[in-house]
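Here is what each chain is made of, one letter per residue.
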Amino acid sequence: MPNGHVIRGARVGSAPPRHPERHLPVPCRSVSYWCRNGHRTDIRIVADVTAPTVWDCPRCGLPAGQDAQDPPGRTRAEPYKTHLAYVKERRTDAEGEAILAEALAALRRRRGRR
Ligand SMILES: [Zn+2]
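Just so it is clear, the model here is predicted, and its values are computed rather than measured.

Further remarks concern the coordination of the zinc ion. At this site the zinc ion is bound by C35 (SG), H39 (ND1), C57 (SG) and C60 (SG), with donor distances of 2.1 to 2.3 Å. Coordination at the zinc ion comes from four donor atoms whose angles at the metal span 107 to 116 degrees, giving a geometry best classed as tetrahedral. Counting along the primary sequence, the residues that act as donors to the zinc ion give the motif C-x3-H-x17-C-x2-C. Residue class for C60 comes out partly exposed when judged on its relative accessible area of 31%.

Shown next as structure tokens:
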């Protein structure tokens, strides 16, 4: 057969045909991170992979986040707040007095019943 060599690659046991899409570059997207010192880091990640929430800043080593206005680490720098401090943020002194008066009144009512 003069054309016998043409079908040589299709014999049993030969390598499967190559898919051209395997050779396309993987789609990537750019993700920016900011650290507390204002350093911006752009990384390229594969499009369908979830970007890590924190990336170590290559310039200063601090954790960097995707929100430029609120880089990670800032919350840790805040002084520890007591439960009372949080309550005082939510309620004014007047509201506190009212709640206290209400609680005392309820306590007295309960005691009065006995
Ligand atoms: Zn940095």
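Back to the write-up after that little detour.
Right, let's get into the UniProt feature "binding site: Zn(2+)" (unreviewed entry) in the protein. Under the UniProt annotation, the feature "binding site: Zn(2+)" (unreviewed entry) is placed at C35, H39, C57 and C60. With the annotated positions falling across 26 residues, the maximum pairwise C-alpha distance of 8.5 Å places them together in a single cluster. Of note, C35 is situated in the loop between strand 1 (28-34) and strand 2 (40-46). The class for C35 is buried, based on a relative accessible area of 3%. Along the polypeptide, H39 turns up in the loop between strand 1 and strand 2. For H39, the contacting residues outside a window of four places in its chain are Y33, W34, C57, R59 and C60.

This part covers the nonpolar core. In this structure, V31, Y33, C35, I43, I45, A51, C57 and A64 together form the largest nonpolar core, which totals eight residues. Mapped by element, the contributors of at least two residues to this core are strand 1 and strand 2.

Bringing a nonpolar patch on the surface into the picture now. A cluster of nonpolar side chains, V26, V46 and V49, forms an exposed patch at the surface whose accessible area comes to about 220 Å². With respect to the helices and strands, V49 occurs in the loop between strand 2 and strand 3 (54-56).

Taken as a whole and judged by the stated rule, the model has one salt bridge. A salt bridge links D42 to R40, with the nearest nitrogen and oxygen atoms 3.1 Å apart.

For the rest of this paragraph, the subject is a positive patch on the surface. Together, R108, R109, R110 and R111 give the surface a local cluster of positive charge. Relative to the helices and strands, R110 resides in helix 3 (residues 93-113). What makes R110 exposed here is its relative accessible area of 51%.

What counts, and at which threshold
- Each chain carries its own residue numbering, running from 1 in the direction its sequence is written.
- In view of the model being predicted, local features appear only for residues whose pLDDT reaches at least 70, and side-chain atom pairs are presented and counted only at 80 or more, with totals across whole chains, interfaces and linings using the full set of residues.
- Side-chain figures throughout are based on the complete set of non-hydrogen atoms in the structure, without hydrogens or water.
- Only nitrogen, oxygen and sulfur atoms qualify as donors, provided they sit within 2.8 Å of the metal or within 3.2 Å for Na, K and Ca; with water excluded from the atoms, sites may seem incomplete.
- Between 85 and 135 degrees for all angles marks four donors as tetrahedral; over 155 degrees for opposite donors together with 65 to 115 for all other angles marks four donors as square planar and six as octahedral; every other arrangement is irregular.
- For each residue, the accessible area found with a 1.4 Å probe, counting protein chains only, is set against the maximum for its type, and the residue is called buried under 20%, exposed over 50%, and partly exposed in between.
- UniProt positions are given in the numbering used here, feature names are shortened, and annotations may be inferred rather than shown by experiment.
- The secondary structure listing takes helices from DSSP runs of H or I that are at least 4 residues long and strands from runs of E that are at least 2 residues long, numbered from the N terminus.
- Here a residue-residue contact requires only that any non-hydrogen atoms of the pair lie within 4.5 Å.
- Residues belong to a common nonpolar core when they are buried Ala, Val, Leu, Ile, Met, Phe, Trp, Tyr or Cys residues joined through side-chain atoms within 4.5 Å.
- Patch members must show over 30% relative accessible area and no salt bridge, and they are joined within 9 Å when carrying like charges or within 5 Å when they are nonpolar side chains of Val, Leu, Ile, Met, Phe, Trp or Tyr.
- To be clear on the numbers: accessible area is Shrake-Rupley with a 1.4 Å probe, and residue cover counts the displayed protein chains and nothing else.
- Each reported salt bridge corresponds to a side-chain nitrogen of Lys or Arg within 4 Å of a carboxyl oxygen of Asp or Glu.
- Charged residues are defined narrowly, with Lys and Arg counted positive, Asp and Glu counted negative, and His plus the chain ends left uncounted.
- A charged residue contributes its charge at one atom only: NZ of Lys, CZ of Arg, CG of Asp or CD of Glu.

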